[in-house]
Structures are given as structure tokens and as C-alpha cells.
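A structural walkthrough
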Amino acid sequence: MPEQTPPIVLTFAATDPSGGAGLQADILTLASMGCHPLSVVTGITIQDTVGVDDVMALDAEWVADQARAVLEDMPVAAFKLGLLGSVEAIAAIAEIVADYPDIPLVLDPVLASGRGDELSSEDMVDALRDLLVPQSTIITPNTMEARRLAFDESDEDNPPDLQSCASELLETGCEYVLVTGTHENTPQVVNTLYHRDGILLTNAWDRLPGSYHGSGCTLASAIAAGLAFGLGVDEAVKEAQEFTWQTLSTAFRPGMGQFIPDRFFWARQPETND
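Below is a short write-up of the structure. Treat the numbers as computed from the prediction; the structure is a model and nothing was measured.

Taken together, the side chains of Asp59, Glu61, Asp65 and Glu88 define an acidic patch exposed on the protein surface. Mapped onto the elements, Glu61 comes out in helix 2 (residues 60-71).

Below, the discussion takes up the pairing of strand 2 (residues 36-47). Bridge count between strand 1 (residues 8-14) and strand 2: seven bridges; the pairing is parallel. Across the sheet, Thr11 pairs through a bridge with Ser39, a residue of strand 2. One crossover worth recording links strand 1 to the parallel strand 2 by way of helix 1 (residues 22-32), and it is right-handed. The pairing of strand 2 with strand 3 (residues 52-57) spans five bridges and is antiparallel. Bridge pairing in strand 3 places Gly43 opposite Ala57. The antiparallel hairpin formed by strand 2 and strand 3 contains four residues in its connecting segment.

In this section: the sheet that holds strand 6 (residues 138-139). Spatial strand order, 3-2-1-4-5-6-7-8-9: nine strands in an open sheet with mixed pairing. The open sheet is flanked by strand 3 and strand 9 (198-206), the only strands paired with a single partner. Two strands pair when backbone bridges link them, and strand 1 and strand 4 (residues 78-81) are joined in this way by four bridges, in the parallel orientation. By the bridge assignment for strand 4, Phe12 is matched with Leu81.

When charged atoms on two side chains of opposite charge get close, those side chains can pair. Scanning all chains against the criterion turns up five salt bridges. Asp99 is paired through a salt bridge with Arg68; the nearest N and O atoms lie 3.0 Å apart. With Asp99 in the loop between helix 3 (87-98) and strand 5 (105-107) and Arg68 in helix 2, the pair connects residues that are 31 residues apart, well separated along the chain.

On to the state of the cysteines, then. This model, assessed by the stated rule, comprises zero disulfides. Not part of a disulfide, Cys174 finds its nearest cysteine sulfur in Cys165, a span of 12 Å. Cysteine Cys217 shares no disulfide, and the gap to the nearest cysteine sulfur, in Cys35, comes to 16 Å. Under the relative-accessibility criterion, Cys217 is labelled buried at 10%.

Our focus in this paragraph is the packing of helix 3 against helix 4 (residues 122-132). One way to put it is that helix 3 packs onto helix 4 with a least axis distance of 9 Å and a crossing angle of 10 degrees. As the angle between them shows, helix 3 and helix 4 are arranged roughly parallel. Contact residues: Val87, Ile90, Ala91, Ile93, Ala94 and Val97 in helix 3; Asp123, Met124, Ala127, Leu128, Leu131 and Leu132 in helix 4.

The next thing to look at is the nonpolar core. Within the largest apolar cluster, 44 residues are counted, with the highest numbers of intra-cluster contacts made by Phe12, Phe79, Leu81, Leu132 and Val177. Once you skip the residues sitting within four places of it in the chain, Val177 turns out to touch Ile139, Pro141, Ala166, Leu169, Leu170, Thr192, Leu193 and Tyr194. Ala78, Val106, Ala222 and Val237 belong to the second largest nonpolar core, which has 24 residues in total.

Note on placement: Asp26 falls in helix 1. Exposure remark for Asp26: the relative accessible area of 0% places this residue in the buried category. Here Ser221 takes part through its side chain, which lies 2.7 Å from a polar atom of the side chain of Asp26.

The next point concerns the pairing of strand 7 (residues 176-179). Burial along strand 7 is two-sided: Tyr176 and Leu178 and Val177 and Val179, pointing in opposite directions, are all buried. Sheet topology places strand 6 next to strand 7; two bridges connect them, and they run parallel. Residue Ile139 lies in a different strand from strand 7, and its bridge partner there is Val177. Summarising the sheet, strand 7 and strand 8 (residues 188-195) pair through three bridges and their orientation is antiparallel. Bridge pairing in strand 8 places Val177 opposite Tyr194.

Basis of the calculations
Residues numbered from 1 in each chain as written. Predicted model: local features only at pLDDT ≥ 70, side-chain atom pairs only at ≥ 80, totals over all residues. Heavy atoms only, no water. Patch = residues over 30% accessible without salt bridge, like charges linked within 9 Å, V, L, I, M, F, W, Y side chains within 5 Å. Areas by Shrake-Rupley, 256 points an atom, 1.4 Å probe, with all protein chains shown as cover. Salt bridge = Lys/Arg side-chain N within 4 Å of Asp/Glu carboxyl O. Lys, Arg positive; Asp, Glu negative; His and termini not counted. Charge placed at Lys NZ, Arg CZ, Asp CG, Glu CD. Helix = DSSP H or I, 4+ residues; strand = E, 2+ residues; numbered from the N terminus. Pairing = 2+ DSSP bridges. Right-handed = clockwise from strand over helix to strand, strands pointing away. Disulfide = S-S within 2.5 Å. Buried < 20%, exposed > 50% of the residue type's maximum accessible area, 1.4 Å probe, protein only. Axes fitted to C-alpha atoms, helices over the stretch in contact; angles between N-to-C directions. Parallel < 35°, antiparallel > 145°, perpendicular 65-115°, else oblique. Contact = heavy atoms within 4.5 Å. Core = buried A, V, L, I, M, F, W, Y, C linked by side-chain atoms within 4.5 Å. Polar contact = N/O pair within 3.5 Å; in protein donor to acceptor, adjacent residues only side chain to side chain.

So, in C-alpha cells, the structure goes:
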């Protein structure tokens, strides 16, 4: 019987020692969905389930060398990008992914932690907008990230509407924008997938009680897994949302802060006897 290789996804992200978000969240999600994850460390964080205390970005050459080594060795089916650490690392990663234009790229623009800890400077936001958003197959900002990415400055009392933000980001060259409603004060979490042709999907999910550490990482990684399996973007987004909601509905609270999504919820579901 011929050897079968699972789809391979390369994720660029910073570590999270709590295992809730970041690189660990990506690896858990990709593995749970049947992919083989490759990981490039972009930074090291000091954080727990409460918040992020500090970030040490890795040297951009180290980031690039990690990626080049595995890309020259294994066939990658999708890229997933999270917290990238520095302007220099963003530039190095942009150069790398430009060499692989046929590989779908999922960009999760991590600008702040769930607690509100600042994780990306304005220079990094500019670099993301100029260098990586244009190369992305899909970007997955929450509403706050969408507004910050799309417009350098916006009136907090009169923020730009999300359709305008999505249009602005699509104009840069990315193919799809999935704006998530996790940070909005609404009874349901409404996620909207935009394309140059307009709104492709709008999905509403019951807003679960509590606060979750790593939900955005889970969603973006799940989309990357779907694309690696050959799904179209709209189908990958649908399946990723379902997977993410299941991880949140079965989340656990191991520490003193946020809940952590259970990416292996299916392995702990009770067996039913026929």
C-alpha cells in the first residue's frame, strides 16, 4: 500500500506557554483536523490565560532560515500567519511567501491580546497592510483589527462601517476578508465573508458565555486546514467556523483567566452504543 502523507501546513507564529493561543493553538488545530503542521517560531511570549506580559521577537534571519529549511524539504499545501514579531520579520516572511504564489495564505492579523495587550506597533500594522495583506488568500480580522488595518486613523466615536473596511482591504489585493464579530456587543457572533463581488457569506453563531483564549488562532488555522485539503474558500470558512464553535462550546478553564478551546473535543465525546 502506498504511503499517504497528510496535507502539510506551515504556520508562522509566536509561542504561547499556556497552550491557548499562538503557535501551540495552530499546531493543535491543524493536527486535530488531519494536517501535518510545520512551525516557524517568530517570537517568544510570557503569557498565561489572563494576558500577555511580554514578547521577544526572534531575529528575522532566524525566522527566514526556519521557513526556508522546511520549504525546501517538504511540500506545503497552505500557509497560516499569526503574530509575526517585528517589521523585519514581516518583510522577510513577505519575501518568502512571494516565492510560493500558488500556496494559499491565511493571515490572522494579531494586533492585541484578548485582554487588550498591544502586540503590534503601528509600523508593524503598516507592514502587514503593505506587504502581506496583498498576498493573502484570506485575512481573518475581528472588527477592531479590520478597522485598524483598513484605516490608519479612525474616529472612535464614529468608526468606519465594516463593509468599507473590507472593501479597503480587498483593494490592496487580498482575495477574501472574513470579519469576525467576537468583539461586538451583539446577542450572536456574526461572521461575514467579503469578496470583491460583495458579501459571500454571513453566519451567526450563539454567543457563548465566558471569554476565550485563542479562538481567532483556531479559526484561522482551521481555514488553512480546509484549504490544504483542497476546499474552496467559502467551504473552508464554513467548516472552520463549525469546528471553532465546537471547540468553544467544549472549552475548559485550566487557569485563572480565559477559557481555552478544546481542539480535540471529538476525542473526548462519549461513545454511543448502537
